[in-house]
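Descriptive structure summary
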Amino acid sequence: MSVAGPDQTIISSRISSRRNSTRAAEENVSDNEDIVGQMQQGASNILVAVRCRPLTKKEKEIDDTNLIQIIEERVVLLLDPQFKYGDKGSRAKEKQYAFDYAFDENALQKDIFDKTTNFLIDGVLNGYNATVFAYGATGAGKTYTMLGEVNSPGLMLMTFIELFTKVEKLTLERAYKVKLSYLEIYNEVVKDLIHPTTSVLDIREDPVKGIVVAGLAELMATSPDEVIECLQLGNMRRTCEPTEANQTSSRSHAVLQITVEYKDKASGTESEIIVGKLSLIDLAGSERASHTKNRGIRLIEGANINRSLLALGNCINALCEATERGGKVYIPYRDSKLTRLLKDSLGGNCRTVMIACISPYSGSFFDTSNTLKYANRAKNIKTNLQRNVVNVSYHIAKYTAIIAQLRQEVSDLRKLLKSKNPNPAAFNNEKYQIELNTHFQDEAKIRKKIHECQQTKEELGFMLFSRQTELDRAKAKTGEDSAAARALNKEVERLKKSIEEQTQVNNTYEDVLKGLENKRDEIKSEWIRKGIPEPHLSSLQLMMQQQVLAMNSIDAQRDKNHDQVVLKQKELYIQLLMNQLRLRDNVIDIQNGIFKEENIGMKPDLKKVYSQIQSIDEITSSSIVSFPDLHMNSPSLYGRSKPKAYKSDHFLPPITQAPTAKTSALNTPHSRIPKIASKRYLSNEPKDEKFSNINLLHPKAKRLTSNDNKLKEQRSKTNSGLYEDSDSEQSSVKQVAIIGKTSDKYQKSPKVGYKGREVGHVIKKRIKPREIKYGVNIRGIENFEG
Ligand SMILES: Nc1ncnc2c1ncn2[C@@H]1O[C@H](COP(=O)(O)OP(=O)(O)OP(=O)(O)O)[C@@H](O)[C@H]1O
């Protein structure tokens, strides 16, 4: 599988760490071979497979990130493209689904056929029904899977080739008849693709044959060649139009049905005929109107496609519920032509294979996610499988029983209709409103708990960071075995443990929340199943939307609070750093005073250190630094997020050790101090200090660039001494001392001194042709007063 894009790296790196949890998902799935065995024994009748197609050339040009990873032909891992590893407060967004089979982009048509369809053919030849249908969003590869292309035939053709090979082997004992029909459902109208007619074809339910399409032509086929011809003809007639999402988009559901009948040549019981039916279905793709940009007739087609697929989804949900509850659930087959046609395949006498086609493209994430959820749900359906034996005497007895059963059904349905209160005005949806509110109250409670948990973790993380700093300092000062270091170490360990505990609690809450979020869909389906009339249904749906928005706003508030905590922490670092700087300058001033008073010449190496400190103040840091890593001992401090890399302009590097007797301001190893630090430091100088009225925090104040630094270096070469030469006429900033004279050349502009040190230089700008304004540039910040 090709690995592309940054997110792909994340998926890959996570796969190994996810192996264990993946195993758990896998354990719920029986062995691949088992599912075939189970289907053959009638223990399970639905096989759900997923096929991921490769990225197309066009998609690769836009974004070559592959969102899908298939693990061991069973598990599908889907990554959310919105999820950036490291986002604060974000919960991990990748989803895992386990299926009977999962095929990646490299899977061949033959692989899909061998594992999902080939084994059904024996059953069909022995009188069992089977259905294979491809489901998925538009452009996900359904038609490619079912029909295939010139050089890679799909399941339909491969099925016929295999079927005829097997029939040939059995002809000595059995007399076979193979019939085929091919139809499409386009805009809720059934059309014959082999013998098109103008009359509308109707779907009917035959008590013995099951679902039949009245008037649909059935062709006798004797060889695969005949079938190929029929398929080609039918596909030419099938409604297929280019859309934004797919150049060859199928606008209809196509159903190819193969009926195989046989009589035992030796038995002599003329009346017994075994009938098996195989339906191969290429569904039209679900589509989001906003995504496909379809208009006019394409939009109407899309709406019809979606409606029938929604009906299919509702049937799948109802069937799952029937499985869970042990029957007695109304299955809304009649909601669409598609579900009426698939009634046997989904809930009746049939082995069914669903191939969910998905795309790994980031732009198709929502479609892929929906398809996977859909397919995941379908795994839970259980159906009843019976062999179709058509026998004349059996026929009559069976019809009588069926008529009685149908009468009972009609009377049950009448009762159900009455109880559903057909008068919408009299309908009271208060009960549903209360249920909805209770659900979202539960969600809000859990969200609050998660919020509290994260706050606690953040606080603990901050405490941990400061204790860790103290510990490092204590170790450096008094040694690792000192009592102070040991006590701090104990504290650090305790904090780490607390953070771990909080993380576990947080994860539990996250799981509960996920469950509650999933329940929203169930609530909606329940409303539809219970037949809540309009406008009550819309009003409930609107209420749910509002509640979902409210939940999102709780999450947003949580993120905002988190940002505030981080900001507060940054402020603290700034304060600490400013204190360090003040202490350092105080030490320098005191030392300078002593040197002057005692008339001690400054040693060259000390001079060098002084000038280094000055230049450190003026360094403009443009590199990326990491914000003090509060997470360093707890990678999961913010859920499953990871610390970010921050721009030095906004965040400070970890503070260095505070000056102590041993490590004075002058020999303290300085980290690179970003400009904002010295800016704040200067602005915080007491009012009587010399730079107090200079607006160093003006947003338009420019930073010193690296070029300016070079010019400064050049200048200091020509004029290395420091002179105090007050020249207030030339500078409107009276508080600073100007060293030297202003020249036209920027490089030669006089320096500005403060307490004997150069801190900046005079600058000028032309306001009008004849008017020049002077200002100062102190430590990289320009200021023109007035
Ligand atoms: N497994 C695959 N390998 C290579 N190419 C594929 C594969 N699956 C799909 N494709 C290509 O992707 C494009 C879209 O596939 P296809 O037309 O089968 O999608 P679809 O799901 O049937 O769309 P719709 O039914 O909405 O029209 C086609 O160009 C097809 O050739």
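Residues numbered from 1 in each chain as written. Predicted model: local features only at pLDDT ≥ 70, side-chain atom pairs only at ≥ 80, totals over all residues.

1. Topic: the overall build of the chain
Regarding its fold elements, the chain presents 20 helices and 26 strands. Per-residue burial over the chain gives 32% buried out of 786 residues. Once local pairs closer than 6 in sequence are excluded, the contacts in the chain between residues at least 24 apart make up 69%. (Helix = DSSP H or I, 4+ residues; strand = E, 2+ residues; numbered from the N terminus. Buried ≥ 20, exposed ≤ 12 C-beta atoms within 10 Å, placed from the backbone. Contact = placed C-beta atoms within 7 Å.)

2. Some words on the nonpolar core
Counting residues in hydrophobic clusters, the biggest one holds 93 residues, and the most contacted among them are Ala49, Val50, Val76, Phe99, Met354 and Ala356. Here this core gets eight residues from one element, more than from any other, and that element is helix α10 (residues 296-325). Core analysis: the next-biggest nonpolar cluster, separate from the first, contains five residues, Leu460, Leu464, Phe465 and Ile499 among them. (Core = buried A, V, L, I, M, F, W, Y, C linked by C-beta atoms within 7 Å.)

3. What to know about helix α15 (residues 430-478)
With 49 residues, α15 extends 70 Å from end C-alpha to end C-alpha; this agrees with the ideal 72 Å at 1.5 Å per step. In the stretch just after α15, Gly479 is the one whose phi turns positive, near 95°. (Expected span 1.5 Å × (residues − 1).)

4. Comments concerning helix α8 (residues 224-237)
Over its 14 residues, α8 extends 20 Å from the first C-alpha to the last, a length consistent with the 20 Å expected when each residue adds 1.5 Å. Within α8 the residues assigned to the buried category are Val227, Leu231 and Gly234. The buried residues of α8 occupy one face: seen down the axis, they fall within an arc of 70°. Residues of α8 that are exposed and point more than 90 degrees away from the buried face comprise Asp225, Gln232 and Met236. In this fold, the buried residues of α8 make contact with α7 (155-170) and β9 (174-186). (Arc of directions from axis to C-beta.)

5. Quick look at the site of the ligand
Not every one of the 18 residues close to the ligand is listed here, only the nearest: Thr138, Gly141, Thr143, Ser249 and Gly285. Those elements that provide at least two residues to the shell around the ligand are α6 (142-146) and β15 (249-250). The dominant element in the shell around the ligand, judged by the number of residues it contributes, is α6, at three residues. Taken together, the residues of the shell around the ligand break down into five nonpolar, eleven polar and two charged. (Near = placed C-beta within 6 Å. Nonpolar A, V, L, I, M, F, W, Y, C, P; charged D, E, K, R; others polar.)

6. As for the sheet that holds strand β4 (residues 95-98)
The strands that make up a sheet pair up through hydrogen bonds in the backbone, lying either parallel or antiparallel. Overall, antiparallel pairing links the three strands, which are arranged β2-β3-β4 in an open sheet. The open sheet has two edge strands, β2 (68-71) and β4, and neither has a second partner. Neighbour-to-neighbour, the strand axes of this sheet turn through a mean angle of 20°, independent of strand direction. Inspection of the sheet shows strand β3 (residues 75-78) paired to β4 by four bridges, in the antiparallel sense. In the sheet register, Val76 faces β4, and the bridge partner there is Tyr97. Here helix α13 (residues 365-378) sits on the sheet in contact with β3 and β4, set at roughly 150° to β3. (Pairing = 2+ DSSP bridges. Axes fitted to C-alpha atoms, helices over the stretch in contact; angles between N-to-C directions.)

7. Considering unusual backbone geometry
The phi angle at Glu72 is positive, at roughly 45°, despite the residue not being glycine. Inspection of the secondary structure puts Glu72 in the loop between β2 and β3. Even without being glycine, Asn599 reaches a positive phi, approximately 55°.

8. Considering the pairing of strand β10 (residues 189-192)
Bridging between β9 and β10 involves four bridges; their strand directions are antiparallel. Across the sheet, residue Tyr186 finds its bridge partner in β10, namely Val189. Connecting β9 to the antiparallel partner β10 that follows it, the hairpin turn spans two residues, and Asn187 within it adopts a positive phi of roughly 50°.

9. Quick word on the packing of helix α5 (residues 118-125) against α7
As a packed pair, α5 and α7 sit with axes 10 Å apart at the nearest point and diverge in direction by 45°. Taken together, the axes of α5 and α7 lie oblique to each other. Every pair of crossing elements has a handedness; the one defined by α5 and α7 is right-handed. Of the residues in α7, those in contact with Asn118, Ile121 and Leu125 of α5 are Thr159, Glu162, Leu163, Lys166 and Leu170. Across the contact of α5 with α7, the residue classes break down as four nonpolar, two polar and two charged. (Parallel < 35°, antiparallel > 145°, perpendicular 65-115°, else oblique. Left-handed = near helix turned anticlockwise from the far one by under 90°.)

10. Regarding the environment of Gly363
Inspection of the secondary structure puts Gly363 in the loop between β18 (351-358) and α13. Given 16 C-beta atoms within 10 Å, Gly363 falls into the partly exposed group. Sequence separation between Gly363 and Glu59 is 304 residues, and the spatial gap between their C-alpha atoms is 8.5 Å.

11. Topic: the packing of α7 against α8
In contact at an axis separation of 9 Å, α7 and α8 are set at 160° when each is read in the N-to-C sense. For the element pair α7 / α8, the angle class is roughly antiparallel. As for the relative orientation of α7 and α8, their crossing is right-handed in sense. In this structure, α7 contributes Met156, Leu157, Phe160, Ile161 and Phe164 to the contact, and α8 contributes Pro224, Val227, Ile228 and Leu231. Grouping the amino acids of the contact of α7 with α8 by side-chain chemistry returns nine nonpolar, no polar and no charged.

12. Some remarks on the pairing of β3
Taking every second residue as pointing to the same face, both faces of β3 are buried, with Val75 and Leu77 on one and Val76 and Leu78 on the other. Counting the residues that bridge the hairpin from β2 to β3 gives three residues, and of these Glu72 lies at a positive phi of roughly 45°.

13. A short note on the confidence of the model for the chain
Summarising the model, the chain shows a mean pLDDT of 71, and 65% of its residues fall at 70 or more. Every residue in residues 85-91 scores below 50 in pLDDT, and together they form 24 contacts with partners more than four places removed in sequence or on other chains. Low pLDDT, under 50, characterises residues 620-748; the stretch is placed with 213 contacts to residues that sit more than four places away or in other chains. For this predicted complex, the interface confidence comes out at an ipTM of 0.98, alongside a pTM of 0.49. (pLDDT = per-residue confidence, 0-100.)

14. A few points about the environment of Ile194
If you trace the backbone, Ile194 turns up in the loop between β10 and β11 (202-206). A C-alpha to C-alpha distance of 5.5 Å links Ile194 and Gly234, two positions 40 residues apart in sequence. Ile194 has contacts with Ser181, Tyr182, Ala217, Leu219, Cys230, Leu233 and Gly234, leaving out every residue within four places of it along the chain.

15. Details of the environment of Ser250
Within the secondary structure, Ser250 sits in strand β15. Residue classification places Ser250 among the buried positions, given that 24 C-beta atoms sit within 10 Å. Along the chain, Ser250 and Thr239 lie eleven residues apart, while their C-alpha atoms are 6.3 Å from each other.

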